[in-house]
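Okay, here's what each chain looks like letter by letter:
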Amino acid sequence: MSPSSLKGPAVCFTAAEVERIRQHLRAAFGSREFARSPRLVSFLTYVVETALAGKPHQIKESLIAVEVYGRQPDYSPSADPAVRVDARRLRDRLKEYYAGSGAAETVRIDIPKGTYVPVITFLPAGGHPRASANPAPQPPRYLASRVLRGRSGLAAAAVLLTAGAVTGIRYLAPDVERARTGSIAVLPFVNLSGDRDAAGAADAFTEELRHALVRTGGVRVAPGAAVAGYNERAVNVKQIRRDHGVDAVLDGSIRRLGKRLVITTQLTDTRSGLQLWANRSESEEAATAEGRRQFAAGLAWQLRGFFRDPAADRSPQPEVDARTMELYHEAGDLLRIPVEKNGPPETLPETVVAAVRLFREVTARRPEFARGWAGLAEAAAWQYELGGNQPRDLLSEATAAARRAVELEPAMAEGWTLLASILLFREWDLEGAKRAGLRAIELDPRNTRARRWYIDALRIQGKHYEARAEVDKAARLQPFSAEIGLRRAVILFEDGRYREALDAAQAAAELTNQVPLYPIALWIQGLCLEQQSRFSEAEKAFRAALSRQPHDWLNEAALGHLLAATTRKREAEQMLAELRSHRTRNRLTHVAQALIHTALGNQEQALAALETALAEREDAVLSIASDPRFRPIRSAPRFEAIVAAIRRKPGGDLRRPAAGT
């Protein structure tokens, strides 16, 4: 029996198909074949989600190396074949899964040799996949819907939308050059139904679509007020270009059809007057505010193929001689050597010190090489952290190097991501970190690292509603990311929603068995259990985490706090003594000590420890304001002063490099 549909990279999926594929992935990742292979899980998640987002042209070895394995953007496959090796492993693992745990599945995912773009097969219940000797075709310039013929012989056209469109057809001009649109005007959508509700929906959808395009990045959007009157007369797109300097115009209409809305959309080039793209979709969900928001987001993602690649706006990069590039790659290799396999190292790793030295040489040889400065920023910040926030000059050097990198290459998303991390966790510049994080997201909307730092900055400021919204966005981009799941769990915990936080932490734990992510998942589970007075279960979680990562201060502090709260004072004091000894091993544990002192009722010692943590810029102090375990001392003036100092906005221009760079 042949599959009901076989979809290669040129085909989009309906919302129901997308959900079916994601359910299939969740089942596969919980199987024995994938349960202990987090690298393969991340690899498969990336290629499938990128394909579902309608961007198979981004499924390349170099991008997989950067997005999945955290390699530098100048990744060289000849020097580091990690992607190719794991691609072979993934193909073999998929075969094992479909021959074993997944034998009854009605979805099949294959990564044909010669490509990383997945081919997805849908089978009828009880069917069997048909072997295909043809490799996946190369992705087209644009993702046009391709007509497929199912067993019924009827033609079907699929459209990818975030919210569930029930039908949709797209047309694309075949001779349009890619990445030509740098600016766009979204005209008010026309109400074809004549009723007041549809008119309101048309206005609301227009605004949602403008906002979605801005959030997607890669294109400038004309303000709504500037183009408000254009739906009242015949549209001359060339006149709109003269009036507002935009490259394209997006307009459309909304018509009510029972409970559904019929939404038509078209994109027109203002230079030639030719229509570039058109879409017609029917959706019941779009009749609601949330449905319109999701529907607009889906259309914005579809249109990304017409937007200018941010990389095209980058400043011309200087030529770098072979010796400098050799030093750059050597420093990067040193920085990638794991130093925290079993928790923080006892002494400062020589590999990190050597990486800093080599990156300094790179920037001295080629001061205009932006990526050399980015490497120096990362290495110096890493040495500063592993050295117990010492020496302080390293922090200034890291911040200045990151600023210099984004000044030299303003469209380098990874540079802004790095700057956001340094400003947040090292400089405690929360507003600056948010601006840098947002800039990175604008340049690369799938940059979940930047989203994580942006989420953390919001959370530290106590803006949990905004933080939860950003977590939801990040989760839609990477639904199987343990790090995003852990942030959701932390936010829920700090909001006092312990049952939901426990579920989120358990879900994140199922996605990873890595150090340090898995012990963190256990830590959050333990915190939630403790707040629910399930003390024995909480202790079990903390001790399980410590068995995986000994001397992890998070779980040591949590266990000590639990012991003190359950009147096991002697054991808590022993844990406190252990934490004090860590300071001699380049570890900062004053916040951990403050937690135990709080549970023991030693308010003076707890506040003194927090003040020391503030003075030594221990990053754990950033989260004390929303940690319910500090509830007994929150109202103390000294505690409030510490929180105020953390949230104080530093001055300075984010885009101006520091002196001396």
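Residues numbered from 1 in each chain as written. Predicted model: local features only at pLDDT ≥ 70, side-chain atom pairs only at ≥ 80, totals over all residues. Heavy atoms only, no water.

A. Spotlight on the packing of helix α11 (residues 392-408) against helix α12 (residues 413-425). It is at 9 Å that the axes of α11 and α12 come closest, and there the two elements cross at 155°. By the angle between their axes, α11 is roughly antiparallel relative to α12. Where α11 crosses over α12, the handedness of that crossing is left-handed. The segment α11 lies against α12, with Ala398, Thr399, Ala402, Arg403 and Val406 engaging Gly415, Trp416, Leu419, Ile422 and Leu423. (Axes fitted to C-alpha atoms, helices over the stretch in contact; angles between N-to-C directions. Helix = DSSP H or I, 4+ residues; strand = E, 2+ residues; numbered from the N terminus. Parallel < 35°, antiparallel > 145°, perpendicular 65-115°, else oblique. Left-handed = near helix turned anticlockwise from the far one by under 90°. Contact = heavy atoms within 4.5 Å.)

B. Spatial organisation of the confidence of the model for the chain. Here the chain averages 77 in pLDDT, and 78% of its residues register 70 or above. With pLDDT under 50 throughout, residues 1-11 is counted as low confidence; its partners more than four residues away or in other chains account for 42 contacts. Confidence drops under pLDDT 50 across residues 127-179; counting only partners more than four residues distant or on other chains, this segment forms 135 contacts. (pLDDT = per-residue confidence, 0-100.)

C. Summary view of the nonpolar core. Core analysis: the largest hydrophobic core is formed by 115 residues, its most contacted members being Leu610, Ile624, Phe630 and Phe639. Once you skip the residues sitting within four places of it in the chain, Phe630 turns out to touch Val591, Ala594, Leu595, Thr598, Leu610, Ile624 and Phe639. Of all hydrophobic cores here, the second largest spans 33 residues; its members include Ile21, Ala87, Leu94 and Phe480. (Core = buried A, V, L, I, M, F, W, Y, C linked by side-chain atoms within 4.5 Å. Buried < 20%, exposed > 50% of the residue type's maximum accessible area, 1.4 Å probe, protein only.)

D. Structural context of the pattern of salt bridges. As enumerated under the stated definition, the model contains 34 salt bridges in all. Measuring nitrogen to oxygen at the nearest pair gives 3.0 Å for the salt bridge that ties Asp456 to Arg487. Linking Asp456 in helix α14 (residues 448-460) with Arg487 in helix α16 (residues 482-494), this pair joins segments that are 31 residues apart in sequence. With a relative accessible area of 4%, Asp456 lands in the buried category. For the salt bridge of Asp495 with Arg468, the shortest nitrogen-to-oxygen distance reads 2.4 Å. In this pair, Asp495 is assigned in the loop between α16 and α17 (498-511) and Arg468 in helix α15 (residues 464-477), connecting sequence segments 27 residues apart. By relative accessible area, Arg468 is classed as partly exposed at 25%. Linked through salt bridges whose partners overlap, the residues forming this network are Asp456, Arg459, Arg487 and Glu494. (Salt bridge = Lys/Arg side-chain N within 4 Å of Asp/Glu carboxyl O.)

E. Molecular detail of the packing of aromatic side chains. Going through the model one piece at a time under the given rule, you end up with 10 aromatic pairs. Their ring planes at 55° and their centres at 5.7 Å tell us that Phe493 and Tyr498 sit as a pair that is tilted. For Tyr498, a relative accessible area of 15% gives the class buried. Following the ring pairs from residue to residue traces out a cluster consisting of Phe29, Phe34, Tyr97 and Tyr98. Taking NZ or CZ as reference, Arg452 lies 5.3 Å from the ring centre of Trp453, over its face. The cationic tip of Arg617 hangs over the ring face of Trp428; the distance from NZ or CZ to the ring centre is 4.4 Å. (Phe/Tyr/Trp six-rings, centres within 6.5 Å; stacked < 30°, edge-to-face > 60°. Lys NZ or Arg CZ within 6 Å of the ring centre and 35° of its normal.)

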